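Structural features, examined
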Amino acid sequence: MKNHSASPSVRAKALELSIDLEKLAADLDKRQITLDDLSPKQNTGRSQVADSLSYWDVDHSLYGDVQIQATSKIDRVASDNLSAANTVIPQVTHQDHADITAIEALRGQFKLEAKKRGVKLTGLAFYVKALAHTLKKFQKFNASLSADGQTLFLKEYVHIGIAVDTEHGLMVPVIRNVDKKGLFTIAAEIIELANKAKSRKLSADDMGGASMTISNLGGIGGTGFTPIVNPPEVAILGITRTETRPFWDGEAFVPTKFAPLDLSYDHRVINGADAARFLAELTHVLKDPRQLLV
Amino acid sequence: MEYLYMSNHAEFLVLGAGPGGYACAFRAADLGLNTVLVDPRATLGGVCLNEGCIPSKALLHSAEVIREASHMSHWGIGFEKPSINLDKLRDKKESIVTSLTSGLAGLSRRRKVKVVQGTGTFVDKNTVEIDGEEWTFDNLVISVGSAPISLPGWPDDDRIWDSRDALELREIPSHLTIVGGGIIGLEMATVYSALGSQVQVVEMGSQIAAGSDKECAAILHDALTSDGITIHTNTQVVSVNTASECIELTCDGDFTGVIEADAVIQAVGRRANGLKINAEAAGLDVMPNGVIQVDSSCRTAQPNIFAIGDVTGNPMLAHRATHQGHVAAEVASGHSAALDTDLIPSVAYTNPELAWVGLTPAQATDQGIVVKQTSFPWAASGRNLASGGGDGLTKLVYCPDTNRLLGASIVGRGAGELLSELVLAIEMGATLEDVALTVHAHPTLAETTAFAAERALGTLTDL
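Residues numbered from 1 in each chain as written. Chains lettered and ligands numbered in written order. Predicted model: local features only at pLDDT ≥ 70, side-chain atom pairs only at ≥ 80, totals over all residues. Heavy atoms only, no water.

Often, the extent of an interface is quoted as the loss of accessible area on bringing the components together. Taken together, the contact pairs 12 residues of chain B with 13 residues of chain A. Where chain B packs against chain A, one counts two salt bridges. Taking the shortest distance from any N to any O, the salt bridge between A:Arg11 and B:Glu427 comes out at 2.6 Å. If you look at where chain B meets chain A, you find four residue pairs in polar contact (both at pLDDT 80 or more). Taken together, the residues of the side of chain B that touches chain A sort by class into five nonpolar, four polar and three charged. (Contact = heavy atoms within 4.5 Å. Salt bridge = Lys/Arg side-chain N within 4 Å of Asp/Glu carboxyl O. Polar contact = N/O pair within 3.5 Å; in protein donor to acceptor, adjacent residues only side chain to side chain. Nonpolar A, V, L, I, M, F, W, Y, C, P; charged D, E, K, R; others polar.)

Below you can see the structure in the form of structure tokens.
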């Protein structure tokens with residue numbers, strides 16, 4: 001006995017389209033599969049974004065061979081979330097770059113210690129810690145707006161979400177109470193949560209409730225991008241690949257490592273000057289990580 | 001325009017013109033294949049039309065009328081004892097068969113399906129020999145059906161019939177014994193009992209209509225018994241003696257003793273005809289019971305050879321064969337198709353009829369599936385009582401978590417017709433709520449289906 005049901009015509013169509021109904025039912029988390037479920041263009045949620053679905057209502061096979069693939073549950077959750085964020089939130093992206101020479105030096109100095117503890121001390125751990133430090137100073141960034149826009153919730157805790165790219169789709173596990181944790185603990189938790197995400201083992205407790213999210217593309221590439229705020233948060237920090245650039249120190253050009261930072265924010269809560277100050281503080285802390293102690 | 005068959009080659013060759021074979025050939029022709037349909041009979045339609053489903057239904061209709069007329073005495077309406085002209089009845093039955101088989105011949109002409117009379121056997125995987133003549137083919141469908149099983153060790157005697165002989169209506173034996181209480185045996189019992197025979201049924205198993213719902217089978221058992229048919233379950237025939245004045249069957253089991261009969265019908269099942277076509281020559285494996293195994297797209301081990309119907313095993317039912325026939329023709333034409341269902345309805349056209357589909361409670365237990373059942377007794381159906389119907393029951397089997405229907409059994413007048421609603425409901429994934437909330441006309445027998453669903457939901461007001 002199968003867990004899902006589908007009428008004979010739906011089963012015949014699925015066979016014709018080589019769609020595995022058992023899998024589709026699991027992906028859609030549905031007990032009864034209808035004809036509409038077999039055609040991706042009919043997926044729900046899109047109508048909130050566009051008044052008309054007609055732009056997507058195209059028979060692509062007219063132009064060449066096409067493979068038909070159902071979207072996964074994770075993809076659709078992310079899709080709904082991003083669509084809502086992009087539709088509802090007036091977003092601005094503020095850009096800057098941080099001199100990370102000191103952080104790189106510190107990572108080198110901690111290498112032996114890291115080895116002893118069996119943890120890889122990544123640059124990301126520093127960004128997470130520095131972001132937590134900055135959030136403590138700029139409480140408006142550690143906030144959420146109510147759905148009706150009437151209330152602002154200012155958070156007393158600092159939890160940082162990390163966007164993780166997995167083969168199942170995008171997931172955002174959250175590191176709790178970052179302000180109270182040391183670098184090694186943070187680095188270890190990042191690795192643990194990323195592994196859990198990749199093996200689809202994240203629990204509900206591992207996600208949600210973040211102060212802000214970091215989307216780090218540094219390991220892949222790019223010089224900058226405009227990340228989309230992850231609601232109900234009010235800001236997101238994007239990081240792209242570190243570049244060595246000539247920096248005029250007043251006397252000469254010095255080759256310096258810079259990490260490009262992109263801060264997208266909800267303009268309903270945060271204005272441009274706030275964002276500039278926030279990012280200035282963050283780059284300041286990253287340039288001089290001793291600030292983390294004060 | 002006629003296709004040319006100069007070289008005795010067919011794009012699509014169908015071996016056997018039963019309900020599966022002709023449906024397959026016609027579908028293939030409709031899909032544009034040059035099609036040849038081969039059958040040893042002079043007429044199309046196979047066992048079903050010529051000596052099975054259709055002629056038996058004609059005789060069962062006569063039985064029904066006789067029975068109804070006699071029961072009207074309880075309503076104050078009396079008829080004389082019917083006079084039965086066996087020749088005329090046989091002619092009527094034959095004329096019904098002839099009108100259907102000649103209709104099929106017309107349908108095949110219209111589709112330009114070439115019909116070849118003869119018996120086909122394989123030469124290799126692209127060649128068959130039909131009565132000495134070789135035909136090559138691109139794709140072939142084996143639809144050679146099944147034949148009644150003869151009990152081993154029984155003597156050859158023209159008073160020992162199989163279902164085919166029984167339908168020939170040679171005579172009305174005053175004492176008839178039927179060995180086998182399955183659908184065919186019970187239908188024969190219904191016919192001959194109405195025509196005047198004293199009928200006894202000997203069944204090896206613990207219930208008649210093996211595989212059907214126990215409670216429904218018991219209702220049918222009682223109805224047949226009260227119509228004068230003697231049924232011995234848990235009983236085996238241990239020896240047969242063909243005396244000149246009668247046949248003596250020595251029985252052992254719940255009934256132990258000797259039954260004397262003027263004629264005996266063997267109705268102990270059918271055997272697939274897979275061993276009769278030299279299938280090994282085409283590289284096909286045939287199981288010892290004559291079955292050729294296929295996948296849901298009706299493919300055999302050879303990619304260009306398909307098999308459908310009784311020759312592919314149980315359930316040996318015409319409607320399954322027809323659906324498989326369409327599937328084979330479509331797959332051979334390059335389409336994706338499959339008989340992707342376990343829901344093959346079974347109907348015993350007895351009086352009352354017994355019909356079922358999907359899971360019975362017993363099968364669910366065997367398969368470790370948790371189910372619940374609900375039923376509505378026909379004694380509470382206005383339409384049933386007002387139509388002189390006897391005892392009956394509509395039973396639904398469903399999943400207790402989701403209320404999804406998983407099986408249905410109906411015993412009562414017209415059960416075979418009533419069942420289709422439930423086959424569709426189960427195919428559509430319907431729940432008890434779906435059935436209960438669907439407005440059924442009143443007063444109908446079909447209402448009992450909705451009542452059974454309502455009963456499980458606690459919304460029934462008719463009990």
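Picking up after the structure, the text goes on.
This part takes up the packing of helix α3 (residues 53-71) of chain B against helix α4 (residues 86-110) of chain B. All names here are of chain B. Running from N to C, α3 and α4 point in directions that differ by 140 degrees, and their axes come no closer than 9 Å. If you check the angle between α3 and α4, you find them oblique. Taken as a pair, α3 and α4 cross one another with a handedness that is right-handed. For the pair α3 and α4, the contacting residues are Ile-54, Pro-55, Ala-58, Leu-59 and Ser-62 in the first and Leu-89, Lys-93, Ile-96, Val-97 and Leu-100 in the second. (Axes fitted to C-alpha atoms, helices over the stretch in contact; angles between N-to-C directions. Helix = DSSP H or I, 4+ residues; strand = E, 2+ residues; numbered from the N terminus. Parallel < 35°, antiparallel > 145°, perpendicular 65-115°, else oblique. Left-handed = near helix turned anticlockwise from the far one by under 90°.)

Here we come to the pattern of salt bridges. A complete count under the given rule lists 31 salt bridges over all chains for this structure. A:Glu104 is paired through a salt bridge with A:Arg107; the nearest N and O atoms lie 3.2 Å apart. Taken together, the residues span about one helical turn, with A:Glu104 and A:Arg107 both in helix α6 (residues 101-109) at a distance of three residues. A cluster of three or more residues bridged by salt bridges with shared partners is formed by A:Arg11, B:Asp340 and B:Glu427.

This brings us to the packing of aromatic side chains. A complete count under the given rule lists 10 aromatic pairs over all chains for this structure. Geometrically, the ring pair formed by A:Phe138 and A:Phe278 is edge-to-face, given 5.5 Å between the ring centres and 70 degrees between the ring planes. Of the two residues, A:Phe138 is situated in the loop between α8 (123-137) and β4 (143-145) and A:Phe278 in helix α10 (residues 272-287); the sequence distance between them amounts to 140 residues. Owing to a relative accessible area of 0%, A:Phe278 belongs among the buried residues under this scheme. Judged by centre distance (6.4 Å) and plane angle (75 degrees), the rings of B:Phe122 and B:Phe137 are edge-to-face. With B:Phe122 in strand β4 (residues 120-124) and B:Phe137 in strand β6 (residues 133-142), this pair connects stretches of sequence that are 15 residues apart. Grouping aromatic residues by their ring pairs yields a cluster made of A:Phe138, A:Phe141 and A:Phe278. (Phe/Tyr/Trp six-rings, centres within 6.5 Å; stacked < 30°, edge-to-face > 60°. Buried < 20%, exposed > 50% of the residue type's maximum accessible area, 1.4 Å probe, protein only.)

What follows concerns helix α8 (residues 318-332) of chain B. Residues and elements named next belong to chain B. When the terminal C-alpha atoms of α8 are compared, their 21 Å separation across 15 residues agrees well with the 21 Å that a helix rising 1.5 Å per residue should span. Those residues of α8 that sit buried are Arg-320, Ala-321, Gln-324, Gly-325, Val-327, Ala-328, Ala-329, Glu-330, Val-331 and Ala-332. Tucked into the core, α8 has its buried residues touching β1 (9-15), α1 (19-30), β6 and β17 (305-307). Positive phi shows up at Gly-334, right after α8, with a value of about 95 degrees. (Expected span 1.5 Å × (residues − 1).)

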